[in-house]
Amino acid sequence: MPTVIIDGIEYEVEQGRNMLEAVLDNGLDLPYFCWHPAMGSVGACRLCAVRLYRDESDTQGKIAMACMTPANDGTRISIQDPEATEFRRCVVEWLMTNHPHDCPVCDEGGHCHLQDMTTMCGQTYRRFRFKKRTYTNQYLGPFLTHEMNRCIQCYRCVRFYRDLAGGRDFNVFGSRNRIYFGRQRDGVLESEFSGNLAEVCPTGVFTDKTSARHYTRKWDLRTAPSVCIHCGLGCNTIPGSRYNKMRRIEGRFNGDVNGYFLCDRGRYGYEFSYDTIRSENAIDDAQNALKEAKGVVGIGSPRASLESNYALQKLVGVEHFSAGLSEFEQEAAEQYLSVFKSGTAQMLSLAEVELADVVVVLGIDPTGEAPMLDFAIRQAMRKAPMEVARKLNIPDWDANAVINALNGAKGKLYIAAPWSIKLQEIATEAINVTPANVAVFARDISRGAVDGLASGISTELAKAKKPLVVTGISAGADTILAASELAGSIPGCGLFVTAPEANTLGVAMLGGQSIRQAVDTIESGQADTLIVLENDLARRMSSPAFASLVENVKNMIVLDCIETQTTRAATTILPVATFFNSDGAFVNNESRAQRYYAVDPPVEDIPAAWSRIRDLGDFTWAGYEDILRELAADRPEFAGTLEAAPFADWRSTANRKIARETHRSSGRTSKDANRTMREPQPPDDAQTPLAFSMEGDQNPPASSAVIPRFWWPGWNSNAASNKYQKEVGAELHGGNPGVRLLTASGSEPEADRDKASVSYPQPAGESKEIWLIPRPYIFGSEELSRRGIAIGELIPPPEAAIHPQSAQKLGLTDGGTAELDFDGQTISLPIRVEESVAVGVIVVPMGFPETYGVTSPTVARVK
Amino acid sequence: MVSILRSMWLMLKHLVVRPVTVRYPEQKAYIPPRWRGRIILSRDPDGCERCVACYLCSAACPADCISLQATEDEHGRRYAEWFRINFSRCIFCGFCEEACPTYAIQLTPDFEMGEYDRSKLVYEKEDLLISGQGKYPGYNFYHHSGVSVKGKPRGGAVDETHPVDIRSLLP
Ligand code: SF4
Ligand code: SF4
Ligand code: SF4
Ligand code: SF4
Ligand code: FES
């Protein structure tokens, strides 16, 4: 470990850091703008100036940029040097000459890196008396507002958007003091990660447009550590609310999962919480129905917490419990679990994906299904040729030098998917084939095909330092099996399997029947009552099957927070608290158990789902942690969930709870004064180690799983996360949150090859038959986020895409209507004829009301 | 003896000096304009609400008795959707006025706010908003800020140039 000298004091730093990182790693303060822990340095803003000395005898030194100075052994700098301090103040003063008088109306205010750095540099008064330069703004879509006057030309946005996120429709334009960061013309930003600009930009140029509708300052937000509910990756989030209403979501750093960033679905999906179900408390009806029931079946849900699912399983018994997955998903999830446990391949975390150099994507669309995986693969491709730069002695953090040295070199990415996925724009090669052929292709690679693409890929995989195979539950059991064989056949090869929903793996681990079997139990008359937990069955079975279920069941008790087809068909609705009003655990795609905590107490006494289930049965659980404890005792593989985050009796080092509200939360004696003069006591939270009020510890908690926000004196923006990390940009103090539940036991994967190969129906070869494939879209396919106002604007029109060849064969024309017959139902959608889908398939959007019933690749007849 | 004489003297003196007591409420006392009494929300010279809902007053308030919610009109002008001061909690310290970047919130010389019912001391925006500019005439925040609002286009503020032409390549 190199030792550096900062203001005369020796500090140890990790190898390969720069001096700005060295300073921050050691908990010292040094202002900066253009450097970002995930993006490295470019030396553009000149704010991190320090005095750099040659050696001990050098008293003169020179002003240098800390972020561009390698932290070698013996590097000697001074932060406090008067000239360096004055230099930094001047830099801010210059940047401020054009900065508008906007703070009061700027949404960045109160969590603004520019405000923090300006204060830190001691620049408090504007001396410049001349006119300010101004810009016009652009419309960038429903997610971000653009206010270019506030720009300080740090280049972070364009580096994030182009270099990291791979976007192309955003750039820097103009010359001299007219440079402009935006699009060529107004329009919706194309990148799925555009929302991160609001966090990456150190000023208020980009701010969250959804939160502007009901703006609240950071100091007034009630925040809690949470996990994204909108896909199976389990990105860590910080949702914020005010007056018991959700206001915005920001990323919560987790070095093993999402790092600093989030996708736009995760960031803006929260608006679903405005559209919740309200209905009479019908718990008595439900209890009576259960008493009279002749057999009860319970259907759980991959978007409900582990606790709620387990509670339901206890209530109805394992043999009458369904995980709430469609048959296709259930089979694939079971296959994945067996592959995982077998240890054939190494299961990677999302952060580890970024280290791969050769990636093979099999049968899934990461951008639509698990967007941050798309981001991680882009990082992997960007970093893969890093060796080239290292050979030239260019440190990894020297971002521009690395880009020049790499000269466009990228890692190798191969894709086989039924339609042309967005990642194909950076792929080395890609093929578009039917789902069954994806598996065939994977086997070709692992069995060493003699020529063609498959053989090329197998050579590249063998050469790779960190090969990786990516697939997903939505690709089906057979593809997962084939992918695991492929990964297993290459030494050191990693495997990454996505899960469609936040808790898919959790419910799959709990086990149980598929929905189909549960429905059969009802239809065969063995049971007449159904309890559905936060699950819209209409999305998971064909419409006739759903209709017949509704007809055959005597009592259908539905617990949900949103209105769905299932709640509409229910005989009894029990409204439950939304995700933001309840606590629980999710198990993400790599079996990482992560706890999320309620941001707000339940509204109007609508309780969490688990407590509804407790009241339906004969249970004594006082809190959700009792359920978790019981689960862990009952099923040892869930023991890790107990370690994932602290329980209600945990206290900080100061023996206090963690405060969800900041120490400067305002309006306590006024916000309820329109209703009551009594100033109600803040709601108590007996369930968690967090308090709903400002009363509690405001310091960074010792357990990283209960960090409610990043804040540090002088660091109001999220850059305060510096102070929560062992090494800036790496692990949090106390380790990254979450515990992996599954480990490889070394057993063979239980592959029933015959079963696996029938998991895809085969078109009979008859001319009117075609594969019907649901395609996940980032906006629109996920059940909750599609209810959001902003996301709702970006849902693509429901269309059926088909290859010209197939279209011709079936007599379909672009712009016409396709009537597709499958599983006894018919859907009709406008046709889009395009080359980007595989021959022999027709691709329709997944989870759209128009395509309910299309739950998995199936065979349809074109009418 | 001396002290008795002094007391007598003081007492007799008061027979001839003018009393300081005023016959309140018939007669009003002089209250200096900077007296910290009932709080109002003022309007800018154009008659629009001055408050831009920045939340600084509510953050500054030591009694935590201000709460509000920001919203925007269709031209992007920020204002308070609602604004509430609980005067039963206010200590009339004037911090809110000092924190306010727009001169919107001002304390006035009116102190006659007594009520029998505490809930009547909760003032909403309608109760707080006056039609004038109060103590600080002439200031309009939006004429200094860079954001555009109705009647003030981009680059239209005091000390601002016209928006630059980013497509120009002139040196
Ligand atoms: S828009 Fe923001 S991130 Fe981009 S250069 Fe300007 S200040 Fe930096
Ligand atoms: S990638 Fe998935 S988990 Fe992560 S933010 Fe997006 S939707 Fe949420
Ligand atoms: S005068 Fe003081 S106590 Fe009263 S509202 Fe203003 S800041 Fe709060
Ligand atoms: S400080 Fe002034 S502008 Fe800001 S919210 Fe309060 S009254 Fe309105
Ligand atoms: S952070 Fe070092 S120059 Fe910008």
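Residues numbered from 1 in each chain as written. Chains lettered and ligands numbered in written order. Predicted model: local features only at pLDDT ≥ 70, side-chain atom pairs only at ≥ 80, totals over all residues. Heavy atoms only, no water.

## Some remarks on helix α4 (residues 156-164) of chain A
Residue and element names in this part refer to chain A.
Point 1. With respect to burial, α4 is a largely interior element, seven of its nine residues being buried.
Point 2. Buried within α4 are the following residues: R156, C157, V158, R159, F160, Y161 and L164.
Point 3. Looking at the buried positions of α4, the neighbouring elements they touch are β8 (171-173), β9 (180-182), α5 (197-200), β10 (206-208), α13 (371-383) and α15 (399-406).
Point 4. Looking at the residues trailing α4, positive phi occurs at G166, about 75°. (Buried < 20%, exposed > 50% of the residue type's maximum accessible area, 1.4 Å probe, protein only. Helix = DSSP H or I, 4+ residues; strand = E, 2+ residues; numbered from the N terminus. Contact = heavy atoms within 4.5 Å.)

## Structural notes on empty space enclosed by the protein
Residue and element names in this part refer to chain A.
Point 1. In the structure shown here, the tally under the stated rule is twelve cavities of 30 Å³ or more.
Point 2. Counted as a void, the largest cavity has a volume near 550 Å³.
Point 3. In terms of lining residues, the largest cavity is bounded by 36 residues, among which E329, S474, P500, M846 and T855 are the most central.
Point 4. Looking at the lining of the largest cavity, the elements with two or more residues in it are α10 (327-342), α12 (366-369) and β31 (769-775).
Point 5. Residues that form the lining of the largest cavity fall into these classes: 16 nonpolar, eleven polar and nine charged.
Point 6. Taken as a whole, the second largest cavity encloses approximately 300 Å³ of empty space.
Point 7. Contributing to the lining of the second largest cavity are 24 residues, with H36, E199, S717, N718 and A719 lying nearest its centre.
Point 8. Counting residues per element, the ones that place at least two in the lining of the second largest cavity are α5 and β14 (245-251).
Point 9. At three residues, α5 tops the list of elements feeding residues into the lining of the second largest cavity. (1 Å grid on protein atoms, 1.4 Å probe; cavity = no way out; pocket = protein on both sides within 12 Å on 5 of 7 lines; lining within 4 Å. Points joined across faces, edges and corners; volume = space filled by probe spheres on them. Nonpolar A, V, L, I, M, F, W, Y, C, P; charged D, E, K, R; others polar.)

## Structural notes on the confidence of the model for chain A
Point 1. Of the residues in chain A, 98% reach a pLDDT of 70 or more, and the chain-wide mean stands at 93.
Point 2. Scored below 50 in pLDDT, residues 753-758 of chain A shows nine contacts in the model against residues more than four places distant or in partner chains. (pLDDT = per-residue confidence, 0-100.)

## Focus: the site of ligand 2
Residue and element names in this part refer to chain A.
Point 1. Neighbouring ligand 2 are the residues C228, H230, C231, L233, G234, C235, L262, C263, R265, G266, P371 and M372.
Point 2. Contributing elements (two or more residues each) for the shell around ligand 2: α7 (264-268) and α13.
Point 3. Partitioned by chemical class, the residues of the shell around ligand 2 number eight nonpolar, three polar and one charged. (Near = heavy atom within 4 Å.)

## Quick word on the packing of aromatic side chains
The description of an aromatic ring pair rests on the distance of the ring centres and on the angle between the ring planes.
Residues and elements named next belong to chain A.
Point 1. In total, this model carries 33 aromatic pairs over all chains according to the counting rule given.
Point 2. Taken together, a centroid distance of 5.1 Å and an interplanar angle of 85° make the contact between Y32 and W35 edge-to-face. Like Y32, the residue W35 is buried in the burial classification.
Point 3. Following the ring pairs from residue to residue traces out a cluster consisting of F160, F193, F253, Y260, F261 and F375. (Phe/Tyr/Trp six-rings, centres within 6.5 Å; stacked < 30°, edge-to-face > 60°.)

## Here we look at the sheet that holds strand β33 (residues 817-822) of chain A
Point 1. If you walk around this closed barrel you meet the six strands as β31-β35-β32-β34-β33-β36 (chain A), and the pairing is mixed. The mean inter-strand angle of the sheet, taken between neighbouring strand axes irrespective of direction, is 45°. (Pairing = 2+ DSSP bridges. Axes fitted to C-alpha atoms, helices over the stretch in contact; angles between N-to-C directions.)

## Some thoughts on the interface of chain A and chain B
Point 1. Each partner contributes residues to the interface: chain A has 49 residues there, and chain B has 50 residues.
Point 2. The junction of chain A with chain B conceals about 3,800 Å² of combined surface from both sides, 49% of it contributed by carbon and sulfur atoms.
Point 3. Among the residues chain A hides against chain B, the three largest losses belong to T134(A), R178(A) and M677(A). Together they make up 16% of the total.
Point 4. The interface formed by chain A and chain B contains five salt bridges.
Point 5. Residues D107(A) and R78(B) are paired through a salt bridge, measuring 2.8 Å at the closest nitrogen-oxygen approach. (Buried area = accessible area lost by both parts, 1.4 Å probe. Salt bridge = Lys/Arg side-chain N within 4 Å of Asp/Glu carboxyl O.)

## Some remarks on the packing of α4(A) against α13(A)
All names here are of chain A.
Point 1. With their axes 10 Å apart at the nearest point, α4 and α13 run at an angle of 85° to one another. Comparing the axis directions of α4 and α13 gives the class roughly perpendicular. Within the contact between the two elements, α4 uses F160, D163 and L164 and α13 uses F375, R378, Q379 and R382.
Point 2. Its residues assigned to classes, the contact of α4 with α13 comprises three nonpolar, one polar and three charged. (Parallel < 35°, antiparallel > 145°, perpendicular 65-115°, else oblique.)

## Thoughts on the sheet that holds strand β23 (residues 529-533) of chain A
All names here are of chain A.
Point 1. Pairing is parallel across the open sheet formed by five strands, whose spatial order is β16-β15-β23-β24-β25. Only two strands of the sheet have a single neighbouring strand rather than two, namely β16 (321-322) and β25 (572-575).
Point 2. Note: β23 against strand β24 (residues 555-560), five bridges, orientation parallel. Each bridged residue has a counterpart across the sheet, and for I531 the counterpart in β24 is I557.
Point 3. Against the sheet, helix α20 (residues 515-523) contacts β15 (296-299), β16 and β23, and its axis sits at roughly 160° relative to β15.

## Considering the layout of surface pockets
Residues and elements named next belong to chain A.
Point 1. Each pocket or cavity is described by its volume, and for the second largest pocket that value is around 1,000 Å³.
Point 2. What lines the second largest pocket is a set of 33 residues, and nearest its centre among them are H99, P100, H101, R126 and K132.
Point 3. Looking at the lining of the second largest pocket, the elements that each hand over two or more residues are α2 (82-96) and α3 (113-120).
Point 4. The element best represented in the lining of the second largest pocket is α3, accounting for four residues.
Point 5. Here the lining of the second largest pocket is built from residues that sort into 13 nonpolar, twelve polar and eight charged.

## Quick notes on the side chain of R709(A)
All names here are of chain A.
Point 1. For R709, the location among the structural elements is in the loop between β29 (690-691) and β30 (739-740).
Point 2. For the buried R709, no salt bridge exists, and the shortest N-O distance to an oppositely charged side chain is 8.0 Å, to E661.
Point 3. For R709, the side chain forms a polar contact with the side chain of Q698, separated by 3.1 Å.
Point 4. Those residues within four positions of R709 in sequence are excluded, and the remaining contacts are T223, I238, A659, R660, E661, T662, Q698 and Y724. (Lys, Arg positive; Asp, Glu negative; His and termini not counted. Polar contact = N/O pair within 3.5 Å; in protein donor to acceptor, adjacent residues only side chain to side chain.)

## Side note on a nonpolar patch on the surface
Point 1. Taken together, the side chains of I4(B), M8(B), M11(B), L12(B), L15(B), V16(B) and V17(B) make up a nonpolar region of the molecular surface, amounting to roughly 730 Å² of accessible area.
Point 2. Classification of V16(B) as exposed rests on a relative accessible area of 70%. (Patch = residues over 30% accessible without salt bridge, like charges linked within 9 Å, V, L, I, M, F, W, Y side chains within 5 Å. Areas by Shrake-Rupley, 256 points an atom, 1.4 Å probe, with all protein chains shown as cover.)

## Here we look at unusual backbone geometry
Point 1. Between Y24(B) and P25(B) the backbone carries a cis peptide bond, its omega angle lying at 5°.
Point 2. Relative to the elements of secondary structure, P25(B) occurs in the loop between α1 (2-13) and β1 (39-41).
Point 3. Positive phi, normally seen in glycine, also occurs at R46(A), with a value near 65°.
Point 4. Exposure remark for R46(A): the relative accessible area of 38% places this residue in the partly exposed category.
Point 5. Phi is positive for N393(A), close to 65°, though the residue is something other than glycine.
Point 6. For N393(A), a relative accessible area of 70% corresponds to the exposed category.

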